[in-house]
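What follows is the residue order along each chain.
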Amino acid sequence: MKNGILGIRLTRAVGVAVTTGAVLASGALYAAPAQAAAKAPTIVAKGGYVMNNASGTSLYTKAADTRRSTGSTTKIMTAKVVLAQKNLNLDAKVTIQMAYSDYIVKNNASSARLIVGDKVTVRQLLYGLMLPSGCDAAYALADKFGTGSTRSARVKSFIGKMNAEAKKLGLKNTHFDSFDGIGKGSNYSTPRDLTKIASSAMKSSTFRSIVKTKKYTAKTITKTGSTRTMAPWTNTNTLLSNYSGTIGVKTGSGPEAKYCLVFAATRNGKTVIGTVLASSSASQREADAKKLLSYGFGKL
């Protein structure tokens, strides 16, 4: 009798297993199309682009090849050009000139609050460029790494190097007429191009270290040779604190550019990188970027 009962139990168990398997199979059939149909997010920014950083595969596009003013996201290329210099000495000192300070005042530009006469290292200038988005730091770097006998010639030469880098990357919709994004009517790029510039810049370990830093305090050398501890520079990229895995890259804004953000994040060893241009506010560009990052990771 025991064997008979056992047989009945086994038969029931098999029946339950078969039924459960059918439910699971049917669930899988319904789940797969739902995942495949995950809608691309709606963003406020007028342009957006996201790609798999490893393969360069596009994950999201919105007016990705429409040329727009880029604001201070231009400074990604400024840093890239500096870091591409042969025999670069990051500890070389640059003396801050009155022209850099005057430029900030004249343009009401974002500033690293560099002090005229102080000696600042190239490394510190790069932090001042990328964290508080210092246009004074950008000017100092362009003056230092351009060639020519006058400051204007050196700056022109440096901007020429920025355009040469864009050409080398095969970018057809990017042109620079400034070292910091305060353009003269011909400073533009696209979400796709800016993402490619950032992806290339991120190959530099120095660049990666800088753009993922939330706060940095520079110690400069004054005219008299004493050490000045600068007020800390805070990174304008709030994603570093507000989106898990963020590793960079750079904010930008301006009357024409509106609110821009080039962003990158790494999760489970995979990196998604992208750009939003012409969003409506600082908080909105962050919200746009978060949506695109999460969508991008969902497609990997």
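Criteria and thresholds
- Residues numbered from 1 in each chain as written.
- Predicted model: local features only at pLDDT ≥ 70, side-chain atom pairs only at ≥ 80, totals over all residues.
- Heavy atoms only, no water.
- Core = buried A, V, L, I, M, F, W, Y, C linked by side-chain atoms within 4.5 Å.
- Buried < 20%, exposed > 50% of the residue type's maximum accessible area, 1.4 Å probe, protein only.
- Helix = DSSP H or I, 4+ residues; strand = E, 2+ residues; numbered from the N terminus.
- Contact = heavy atoms within 4.5 Å.
- Pairing = 2+ DSSP bridges.
- Axes fitted to C-alpha atoms, helices over the stretch in contact; angles between N-to-C directions.

Novice: An account of the nonpolar core is needed here, citing residue identities and associated values.
Specialist: Counting residues in each nonpolar core, the largest one holds 62 residues, and the members touching the most others are Leu126 and Phe207. Top contributing element to this core by residue count: helix α5 (residues 135-145), with 8 residues. Sequence-distant contacts of phenylalanine 207, defined by excluding residues within four places in its chain, comprise Ile76, Ala79, Leu83, Met130, Ala201, Met202 and Val249.

Novice: Could you give an account of the sheet that holds strand β10 (residues 258-267), naming the residues involved and the relevant values?
Specialist: The sheet built from 5 strands is open, its strands ordered β2-β1-β11-β10-β9 with antiparallel pairing. Because the sheet does not close on itself, it has two edges, and the strands there are β2 (58-62) and β9 (246-254). Each neighbouring strand pair of the sheet contributes to a mean axis angle of 5 degrees, computed without reference to strand direction. Of the strand pairs in this sheet, strand β1 (residues 47-52) and strand β11 (residues 270-279) are connected by 6 bridges, and their pairing is antiparallel. Among the inter-strand pairings, glycine 48 is bridged to a residue of β11, identified as valine 276. Its contacts with the sheet place helix α10 (residues 282-299) against β1, β2, β9, β10 and β11, and it is angled at close to 35 degrees to β10.

Novice: Give me the pairing of β1: which residues, what numbers.
Specialist: Within β1, 6 of the 6 residues are buried, leaving the element largely enclosed by the surrounding structure. Burial along β1 is two-sided: the residues Gly47, Tyr49 and Met51 and Gly48, Val50 and Asn52 are all buried. By the bridge criterion, 4 bridges tie β1 to β2 in an arrangement that is antiparallel. Pairing of valine 50 across the sheet is with tyrosine 60, part of β2. Linking β1 back to β2 in an antiparallel pair, the connection comprises 5 residues, with glycine 56 at a positive phi of about 80 degrees.

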